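Fold and contact review
Chain residues, written in single-letter form:
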Amino acid sequence: MVKGYYRTTLPTAMIEPRVLDTSALISWAVDSLEGGYVVRKQREEVRRVAPDRAMSVEAARLNWTEPTLDSLERAREIASETGDLDGLSETDLEIFALLIQTGGHLFSDDYRLQNLCVATGMSWSAVDSEGISGIWNWQIRCSACGDVVSGHGRTRRAGEGLGECEKCGSEMKISRKR
């Protein structure tokens, strides 16, 4: 049985949709993925992170879909408010938008997605980790002089930096608001 997920005999209409992050696609048994909601960009994530798992994920009976523009905009607004936006990938933002759209339950080990769920009161479960213990708000701060700047207002690719401090030229980092 998947951690945090229990099969039930309730009618399907009474079960909230399961929105699955890539960590679930990689970690769970294929039959446990059945019926889960995922975004199309996760296919590429699985191929990149766990290429040996890609065929199994394709064989699973998943609901491959895209979030609506309205839910994507709402997800962007919420992530901007918490400061999570600059630390999310576009795939993560789409997963959160899909969660908003379906009103489902998120299964993810991504702390930023968990943070967004706590901030909005949406239900979530960790896949293989303990998960977060409280909500954090984030800011972009210079690693040397401590100058704080507003976010870029967009998601980032893995490994993409936040740029250099305009005051001292040092690297900018995402840090917890104090």
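Preceding block: the structure.
As for its position among the elements, E34 is in the loop between α2 (30-33) and β2 (37-39). E34 gets classed as partly exposed once you look at its relative accessible area, which sits at 41%. Between the C-alpha atoms of E34 and R18, which are 16 residues apart in sequence, the distance is 9.6 Å. Discounting residues that sit within four places of it in the chain, E34 has contacts with R18 and R61.

On to helix α7 (residues 111-120). Along an α-helix, a turn takes 3.6 residues, which lines up residues three or four apart on a common side. Turning to α7, its buried residues number three or more, namely R112, L113, Q114, N115, L116 and C117. Sitting at the head of α7, D110 places a side-chain oxygen 2.8 Å from the backbone nitrogen of R112. G121 lies just past α7 and shows a positive phi near 75°.

Turning to the packing of aromatic side chains, a few remarks are in order. On inspection of all chains with the given rule, the structure shows one aromatic pair. Ring centres 5.2 Å apart and planes at 70° place the aromatic pair W28 and F107 in the edge-to-face group. Here W28, found in the loop between α1 (22-27) and α2, pairs with F107, found in strand β4 (residues 105-107); they are 79 residues apart in sequence, far enough to count as distant. We classify W28 as buried; its relative accessible area is 5%. What makes F107 buried here is its relative accessible area of 2%. Its guanidinium or amino end placed over the ring of W64, R43 lies 4.0 Å from that ring's centre, counting from NZ or CZ.

Basis of the calculations
Residues numbered from 1 in each chain as written. Predicted model: local features only at pLDDT ≥ 70, side-chain atom pairs only at ≥ 80, totals over all residues. Heavy atoms only, no water. Helix = DSSP H or I, 4+ residues; strand = E, 2+ residues; numbered from the N terminus. Buried < 20%, exposed > 50% of the residue type's maximum accessible area, 1.4 Å probe, protein only. Contact = heavy atoms within 4.5 Å. Polar contact = N/O pair within 3.5 Å; in protein donor to acceptor, adjacent residues only side chain to side chain. Phe/Tyr/Trp six-rings, centres within 6.5 Å; stacked < 30°, edge-to-face > 60°. Lys NZ or Arg CZ within 6 Å of the ring centre and 35° of its normal.

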